[in-house]
Amino acid sequence: MDKRPDYKTIEIEIRDLWFNKRKDLFRFDISKDPKYVIDTPPPFTSGEAHMGHALGFVWMDFIARFKRLEGYNVYFPLGFDCHGLPTERKVENKLRIKREDKIRFLEASREWTLKSIESMYNTFLRLGCSFDLYKVYKTMDKKYEALVQYTLIKMFNEGLVYRGKKPVMWCPKCKTAISMQEAGYIEREGILAYIKLKLENKFVLIATTRPEMISSCVGVFIANREYVETEDSLIVSRVFAEKNNLKIKRIIKPEELNGRELEIPLIKRKVKIYVDENVDYNFGTGIVWVCTYGDFMDIEWREKYKLQEIICINEEGRIVNSLGELNGLTVEEARKKVLDLLKDYLYRVEKINHNVLTHTERQDCLSSLELIPKEQFFIKTLELKEKLIEWQREIKFYPEEMRNRLINWIESMDQDWNISRTKLIWGLAFPFFKKDGRIHPVEMEDLPFDPRRDKEKVEKYRKKYGNVEFFEDEVLDVWIESSITPIAIIYYALTEGLEDLKEIKKYFEESIKYLPVDLRQQGYEIIRTWLYDTLFRVKVLTGRLPWREALINGMVLAEDGRKMSKSLGNSVDPNEVMDKYSPDALRYWALMASYGDDYRFTWKDIETGQSFMIKLWNIARYVYLNCREVKFKDKPKELEEEDVKILDSLRDIINKSLELMKEYKFQEYLKVWRKFVWEDFANGYLERVKERVRNKDIKALWTLKYVLRVILSFLHPAFPYITEKIYREIYKEEEKKDSILETKFSEIFMEKFLNNYK
Ligand SMILES: [Zn+2]
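Residues numbered from 1 in each chain as written. Predicted model: local features only at pLDDT ≥ 70, side-chain atom pairs only at ≥ 80, totals over all residues. Heavy atoms only, no water.

Tell me about the pairing of strand β7 (residues 184–199), and please be specific about residues and values.
Of the pairings in the sheet, the one linking β7 to strand β16 (residues 346–358) comprises 12 bridges and is antiparallel in character. From the neighbouring strand, I186 faces β16, where its bridge partner is V356. Pairing between β7 and strand β8 (residues 202–208): seven bridges, direction antiparallel. Within β8, the residue paired with A193 across the bridge is T208. (Pairing = 2+ DSSP bridges. Helix = DSSP H or I, 4+ residues; strand = E, 2+ residues; numbered from the N terminus.)

Give a detailed account of the pattern of salt bridges, specifying residues and quantitative values.
Enumeration according to the criterion identifies 74 salt bridges in this entry. Residue E375 is joined to K434 by a salt bridge in which the shortest nitrogen-to-oxygen separation is 3.0 Å. A residue pair is termed long-range when its members are at least 10 positions apart, and E375 in strand β17 (residues 370–379) and K434 in strand β21 (residues 432–435) qualify at 59 residues. When its relative accessible area of 36% is taken as the criterion, E375 is described as partly exposed. (Salt bridge = Lys/Arg side-chain N within 4 Å of Asp/Glu carboxyl O. Buried < 20%, exposed > 50% of the residue type's maximum accessible area, 1.4 Å probe, protein only.)

How would you summarise the nonpolar core if you had to cite specific residues and measurements?
Within the largest apolar cluster, 126 residues are counted, with the highest numbers of intra-cluster contacts made by M51, W589, Y664, W673, F676, L704 and I726. Two domains each provide a minimum of three residues to this core, namely domain 1 (23–155 + 480–591) and domain 3 (600–757). If near-sequence neighbours (up to four positions away) are discounted, L704 is found in contact with Y622, V623, C627, F681, Y685, L686, V689 and V693. Judged by nonpolar contacts, the second largest core, of 95 residues, contains F449, I484, I512 and L531. (Core = buried A, V, L, I, M, F, W, Y, C linked by side-chain atoms within 4.5 Å. Domains from an automatic or database assignment. Contact = heavy atoms within 4.5 Å.)

Report on the coordination of the zinc ion, specifying residues and quantitative values.
Protein coordination of the zinc ion is provided by C171 (SG), C174 (SG), H359 (ND1) and C365 (SG), with donor distances spanning 2.1 to 2.3 Å. Around the zinc ion sit four donor atoms, and with donor-metal-donor angles ranging over 106 to 111 degrees the site reads as tetrahedral. Read from N- to C-terminus, the donor residues coordinating the zinc ion fall into the pattern C-x2-C-x184-H-x5-C. With C171 in strand β5 (residues 161–171) and C365 in the loop between β16 and β17, the pair connects residues that are 194 residues apart, well separated along the chain. Judged by its relative accessible area of 0%, C171 is buried. (Donors = N, O, S within 2.8 Å, 3.2 Å for Na, K, Ca; no water. Tetrahedral: all angles 85-135°; square planar, octahedral: opposite > 155°, others 65-115°.)

Keep in mind these values describe shape, not function.
Written out as structure tokens, the structure is:
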């Protein structure tokens, strides 16, 4: 053994062992029990592996290796989430491929994705992740696509998928509809315009943040509370009058206003007044107008009162069907312009900060969203709300608080799941067609189906059914694809080596038997998307839970305490850390995080990790130089008291760490072992027995060699490179194994060796 560990050489040698020579070490055999299956997050194929990936994958690899050493047949799959808008943007902007040629665009996207995967893949392997490389899946595989379409058709046949025209959240910048999970509210500066609507010789004063939507006003709503007429002939809530010191002429009961007609200024159209319990009496004047569609309340009111629908904003986010002066303007431009036009009817305009519905899932978009009615595919999720609350109870969460994020999300759902992404290209096509206004699924033998590409299949349907319509301008929400990963990983295990599979149903049904799998690991920021979607889809499709346990990590923060991100310029590339230090040092940092919490990256943690590796190496080298020749079978009949003592504390540590791992407490696990290795063993026992070692005292030599052997097994899940290397230097020959992973904890356990000395 070298005096100092040469990390570069170690990494190359051990990686070659794991991922070339003995790739089979990590191969999962679905027929072997006991199994331990992890539903790993398929990273989006951005081309860059980041610290967030490193954190999650190291956690899972720790668990995978630990479970293998416990004797489990472990499945640690690797997948890639391929489709989506970010790739589409790159193909369009960087490769300059025109969107019009969809076939070429799809091919270019596929190539781009393959390249991206290659660079990410290498980083993941460098981290030492013990993936089963025989079953790597990509959501753009034909096999995967066919499975996703199969599950969608299955849900369709069960009446859970429908097509309907509904206002959807539309991003004018991305030019697509998005789902609730992709949207959020962001506080922005805006205005509150008070506009006077004529009611005979008086004015009803409404307050709105969206005056530019004037032409789509279809009703005025008041609360079932007291209103007043002021001396200036304004009708407002009593609260508003009092707050603004307006002289009250008389009280008006809501019944008096209900059903009356008002004239919208400029537009000169008449609309009615409605009384509704959902009007916020304390907001503005307590009177609002309803525009189709300014917000979600408008959707509800329009349905409830059967109001007209007048659309005044198009997909580009520009005004249509409005006054000549406003048509063609952007929403922001129109908002300014309309205030000029309205000046005779404007009571006042206030600057306010309010929450604006925004495309929050894309940090590079953050555009405000519009509600535009579109014909789209939906999945019925609302009617299963209560069941979802019930189902999640059976899953164990680490940490338990994370469950609330899921529950809050489920409870807040107020729309079915819109799964159409209009105008996107790089996505999975809908396996449906429309004939005589009705939706039909394509035949199973045609899966995977893409009407843009599979012209022969399309022709077949045209011949058979005449005039049929396919959905060439819509692709599936990407979460539809990733929300079946627990099924897909089993499916891939059952069909290893089979491509372009036709017996989808058979293997799908076979997969169900293996659910729920053991663990889902993921970040908290995708609880309301990936975790929720998977729970929903898998349970509905199979009747079974997706997993028994969910382990949730926080976000990775940069040294400056902000979220680590490329755009903030504070991100660190995992490869940089591994080049400067070692994969094991990076793993040390990752494993010192506690679940659920945001976690800061610091170079200091990396250094601490690295110095621990060096300590371990020095201990090993001492054992190598002095105890190599001692065989385990030559264990002495009796040990000295200090030998027994170190073995006793070793046993305590083992028991403690087995307990900690039941709850995935890596951080405490490592602390316990670090203290034992550094203080009890290296600085304590090893120093004390140096004299005995010089005298070739077999009891001391045997104990040293044994304790290190146990340490290697228990530290292997955390620091696989250095422990594997040391194992191969000192123990490989005697144990006749290539890798420490071919051994089990139970084979080196105390019961076998230590109890004899009690
Ligand atoms: Zn957007």
